[in-house]
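Chains, contacts and geometry: an overview
Listed below, chain by chain, are the residues.
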Amino acid sequence: MNPFNHTKETLIEMSYSGEETGDIAVITGIAVESPGEDNGPYYDPSNGTSEREIPGNPEVLSTTTETASLISGPSKVMQRKHALFVKNRFRIDKHIQSKDSVFFCDGVRRIDFILSYVDDLKDAEKKMERRKDFEANLLKTGLELETESKEDSEDGKTYYLKIHAPWDVLATYAEVMHIKMPIKANDIPRARRNPLDWCLKPFRLNSVIINPELEYFTAPFSKERQELFFIDDADTFFSPANRNRIVYYILSRCKYATEDGKRKIGIKRLLNNGTYTAAFPLHDCRYWKKSHDPKSESERYTLYKEWASFGQFYKEQPLNLIRKYYGEKIGIYFAWLGFYTEMLGIAGAVGFICFLYGCITKDGNAWSDEICDAEFGGKIIMCPLCDGCDFWRLNTTCESTKNSHLFDNAATLFFAVFMGIWVTLFLELWKRRQAKLEYEWDLVDFEEEQQQLQIRPEYETKCTHYRRNPVTQELEPYIPVSNQAIRSCLSGATVLFWIFLILICIIAVIVYRLSMYASFAKITVNMKEVKYIGTLLTPQMVTSVTASILNFIVIMILNYFYERVAIWITDLEIPRTHFEYENRLTMKMFLFQFVNYYSSCIYVAFFKGKFIGHPGDYNYLFGTWRNEECDSGGCLIELTTQLTIIMAGKQIWGNIQEAFLPWLKNWWVSRKARHHPERLYSRWEQDHDLQDIGQLGLFYEYLEMVIQFGFVTLFVASFPLAPVLALMNNIIEVRVDAWKFITQFRRPMAAKAHSIGIWHQILNGVAIFSVVTNAFIVAFTSDMIPRLVYKYAYSTNDQLPMKGYINDSLSISDISVLKFPPKTTTYQDFEITVCRYKDYRYPSGHKLEFQQTMQFWHILAAKMAFIIILEHVVFLVKFAIAALIPDVPSEVKDRIKREKYLTEKILHEYELNKLREVLASKGMCVENKEVTVQAEKVELLSEEL
């Protein structure tokens, strides 16, 4: 049987084998509280004269007849006798375990999964029938069920179905799912410790927490080769994470009905149609205290103390324990987040040094001194920055020019190049770290195709056409090409519409900037007084700050809709598999977020002040609003302001959403239960009241970090402190996410993943694009290139080469050409006849009036040459680093080869021994041709490896 046949999948029905399949506890009586006993209630048999009726599964608690009808095997008489034995054996008269236990009422069988449901008046009979059929089919697969009546639940209306997978089920499906289990202790010596490891000792955790399990060689589990595996205890051989994976595998494929000739399968459909309200594995204890049950691992408590505690922010993460408790998919996310945070430490340190350089040289540059000089900058009259605005003096921008120098200095170029190299090192070193984790977590041969090929239930539901698979020769659902093309066109049109909507919002913010600037400029005092508000709040700065705040609010509002639109569009396309669904949704969400978050920064960096025209011939937006100009300090300080507000605001709001909202929801849901003794508030009720992380829980975590990665890399030339802000946020983010997963969310189903998936491709694309954006920021947004051209080509002062730069960068215009000249054209005792503006154009009255000067073209050529050279140098270094750093460390390669060799050797020796035993039992000579051939295979394999 092919276990991965999704169109006609048949779950394995377990045959009756006595004790081996496990027994189902039959509990009669009602649990009541035992006064003063912290370990749980006691059982009162006087209240148990009749069994409670459980809607949808009356046969679950009483399995004396149901088990006999579902399990194939011995005669019905023998089955009834065995069921009666089971009932008497597990009848409990007195004490049972604490309600915080993760075991059945017998205290022996572990609860591997919980399903909950309520008495729903809407379609009650239909849902009851679905539950009855579904649970009957679960029993056929060998799972054991036990139901808690709603009378014992906190809210008095929720039923809890507890599911246990006995050994035979676990062994069978572990083989089907190719789960690797230990066969031999790993005898490969560990890599030699770094002599400088003592420096990192304060940041290390206890080795028992870091490595909770011994290292073993592993092989896919096989029931026929059970003696090969280290099975000290059948109850603990399969970890809770593997157990809930196996149970979920069964739940997701179990049939519950046949409607309109179609097989209805899977717990996800039952959750969607309201038959069940929740499905989840249990946490092993309360997070703030260990479990009373010595058989419970209490790993949740350990993770809370050693990982989720904010006091541990400087400690390394217990990745192996995270992986053991939550599975590899969540483990790889926290490994990536931790590695990204470590690399941000390097970028943050360099960025902070560059910022310090800007602070030190802030007051020592010639162009800022010229602007601030009252005898120079105070006498230069600048042209109005908007229609109806007044003239203004150059020295009003003194403070903004000095502040701009904090980020627009020689260190800017160095940091832009450094970040281009840093991002390459980050991605390449992460590949190596990922390869190491793949080996340590036994994911080298992980067959991701198994997950990629799992057809989504929604796909099967919406498909009305079937065709024969040329490989499996099985009928499988499909969507005709014409139908798929229509859906794709509609999806693409919707995406374009919403991107167009983003651009409209950006234009609206630009209109706000233009109109508000004119308003701020008009309310300033007249020309005879100081033309700025205080020292920092110039009209440009006030407009920039308020526009940035407004833009952030718009971004947050649009994000709310984009998430739902992206999900709706992806559902409209009906992706075939979960893997395809996640990839499509990821690309759409990132595209929306990219345009939404970065478009305003792109406008300030590359468009503002670039298409303004000149006095007498200004360019207008929609023929009404005159295009914005940058002040004499350039647009870089405005880009820095925009970036700081959006990045910091997003991080603060994100932490509030991630931590406060789940806590508030859980507080509200469990507000009544907090007043009851803990032993009356069962483990499954406590977990049921927590938030569900959902299928896309990690998706939003990755998306948040990738958007932050874009801020850190795309515009870092304008804000060297961006890595510092990201580092501070991520140190908190790691612990917030850990606290959230441990305390506020139900335990998710343990899933495997050997990489961060499509996010690596997105990060690589952002890294390449960041080289281009930073090169353009240095060339066109900052004033670095014009200053260098002046210094080396136009300066006439050898002692002070930058003296006269400001005067050289300002063109002259006669005020008579202004279409909207200010009413006041006098200053003190002289008439204003000309004004200055930032550009390289011939003055009024020149035969080439208002045309660009040769210096303009020299600067433009220098900018383009700088972009080409910088991009080629950075890309050359990037590709060289990528080529020189292997994706998999040589040590890991050797260990993988060694493990494969020893594993194959063990398996071959096992087969040889079995063959010898068979031959010996037949009285044949052990040394025969077949054994010799097997031995030769082992020798050849060892030579190849």
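Bear in mind the structure is a predicted one, so any value in this text is a computation, not a measurement.

1. Thoughts on the state of the cysteines
Taken as a whole and assessed by the stated rule, the structure comprises two disulfides. Each disulfide pairs two cysteine sulfurs, and for Cys372 the partner residue is Cys398, the sulfurs being separated by 1.8 Å. Across the S-S bond linking Cys372 and Cys398, the dihedral sits near 95°, which makes this disulfide right-handed. Of the two residues, Cys372 is situated in helix α12 (residues 366–372) and Cys398 in helix α13 (residues 398–405); the sequence distance between them amounts to 26 residues. Among the residues examined, Cys372 registers a relative accessible area of 23% and is labelled partly exposed. Here Cys398 falls in the buried class, since its relative accessible area comes to 13%. In this model Cys383 forms its disulfide with Cys835; the gap between the sulfur atoms is 1.9 Å. Taking the torsion about the S-S bond as the criterion, the Cys383 to Cys835 disulfide, at about 85°, is right-handed. Of the two residues, Cys383 sits in the loop between β11 (381–382) and β12 (392–393) while Cys835 sits in strand β22 (residues 834–838), which places them 452 residues apart along the sequence. On the basis of relative accessible area, Cys383 is assigned to the buried category, the value being 3%. Overall, the relative accessible area of 0% leaves Cys835 in the buried class.

2. Quick look at the pattern of salt bridges
By the definition in use, this model includes 27 salt bridges. Asp168 serves as the salt-bridge partner of Lys223, at 3.1 Å between the closest nitrogen and oxygen. Remark: Asp168 occurs in helix α4 (residues 167–176) and Lys223 occurs in the loop between β7 (216–220) and α6 (234–237); sequence separation between them is 55 residues. Classification of Lys223 by relative accessible area gives partly exposed; the value is 28%.

3. Some details on helix α3 (residues 124–140)
Spanning 17 residues, α3 covers 24 Å between terminal C-alpha atoms, matching the ideal 24 Å at 1.5 Å per step. When α3 is considered as a whole, its buried residues turn out to be Lys127, Arg130, Arg131, Phe134, Glu135, Ala136, Asn137, Leu138 and Leu139. Gly142 sits one or two positions beyond α3 and adopts a positive phi of about 105°.

4. Considerations on the environment of Phe339
Among the secondary structure elements, Phe339 is positioned in helix α11 (residues 328–360). Setting aside residues up to four positions removed in sequence, Phe339 forms contacts with Phe426, Leu429, Trp430 and Arg433.

5. Describing the side chain of Thr586
Residue position: Thr586 is located in helix α19 (residues 578–606). By relative accessible area, which is 3% here, Thr586 ends up buried. Each residue touching Thr586, except ones within four places of it in the same chain, is listed here: Phe699, Ile758, Trp759 and Ile762.

6. Quick word on the packing of aromatic side chains
Throughout the structure, instances matching the rule amount to 57 aromatic pairs. When the ring of Tyr790 is compared with that of Tyr805, the centres are 5.7 Å apart and the planes differ by 65°; the resulting orientation is edge-to-face. With Tyr790 in helix α25 (residues 784–794) and Tyr805 in helix α26 (residues 805–809), the pair connects residues that are 15 residues apart, well separated along the chain. Relative accessible area serves as the criterion here: at 6%, Tyr790 is assigned to the buried category. Tyr805 gets classed as buried once you look at its relative accessible area, which sits at 2%. Across the ring face of Phe104, the terminal group of Lys162 is positioned such that the distance to the ring centre comes to 5.9 Å. Directly above the aromatic system of Tyr325 lies the positively charged group of Arg747, at a separation of 3.8 Å from the ring centroid.

7. Some remarks on the sheet that holds strand β4 (residues 144–148)
One open sheet accounts for four strands, arranged β4-β5-β3-β10; its pairing is antiparallel. Looking at strand neighbours, the two that pair on one side only are β4 and β10 (278–280), the edges of this open sheet. Pairwise comparison of adjacent strand axes, ignoring direction, gives a mean angle of 20° for this sheet. Pairing of strand β3 (residues 113–118) with strand β5 (residues 158–164) involves six bridges; the strand directions are antiparallel. Along β5, the bridge assignment pairs Val118 with Thr158. Contacts from α3 reach β3, β4 and β5 within the one sheet, and its direction differs from that of β3 by about 165°. Sitting on the sheet, helix α7 (residues 240–251) touches β3 and β5, and the angle it makes with β3 is about 45°.

8. A short note on the packing of helix α20 (residues 636–669) against helix α23 (residues 722–744)
Relative orientation of the contacting elements α20 and α23 amounts to 10°, with a least axis distance of 11 Å. Compared by their axis directions, α20 and α23 come out roughly parallel. Residues Met647, Gln651, Asn655, Glu658, Ala659, Pro662, Trp663 and Asn666 of α20 lie in contact with α23, whose contacting residues are Ala722, Leu725, Ala726, Asn729, Glu733, Val736, Asp737, Trp739, Lys740 and Gln744. In the contact of α20 with α23, the residues fall into nine nonpolar, five polar and four charged.

Definitions and cut-offs
Residues numbered from 1 in each chain as written. Predicted model: local features only at pLDDT ≥ 70, side-chain atom pairs only at ≥ 80, totals over all residues. Heavy atoms only, no water. Disulfide = S-S within 2.5 Å. Helix = DSSP H or I, 4+ residues; strand = E, 2+ residues; numbered from the N terminus. Buried < 20%, exposed > 50% of the residue type's maximum accessible area, 1.4 Å probe, protein only. Salt bridge = Lys/Arg side-chain N within 4 Å of Asp/Glu carboxyl O. Expected span 1.5 Å × (residues − 1). Contact = heavy atoms within 4.5 Å. Phe/Tyr/Trp six-rings, centres within 6.5 Å; stacked < 30°, edge-to-face > 60°. Lys NZ or Arg CZ within 6 Å of the ring centre and 35° of its normal. Pairing = 2+ DSSP bridges. Axes fitted to C-alpha atoms, helices over the stretch in contact; angles between N-to-C directions. Parallel < 35°, antiparallel > 145°, perpendicular 65-115°, else oblique. Nonpolar A, V, L, I, M, F, W, Y, C, P; charged D, E, K, R; others polar.

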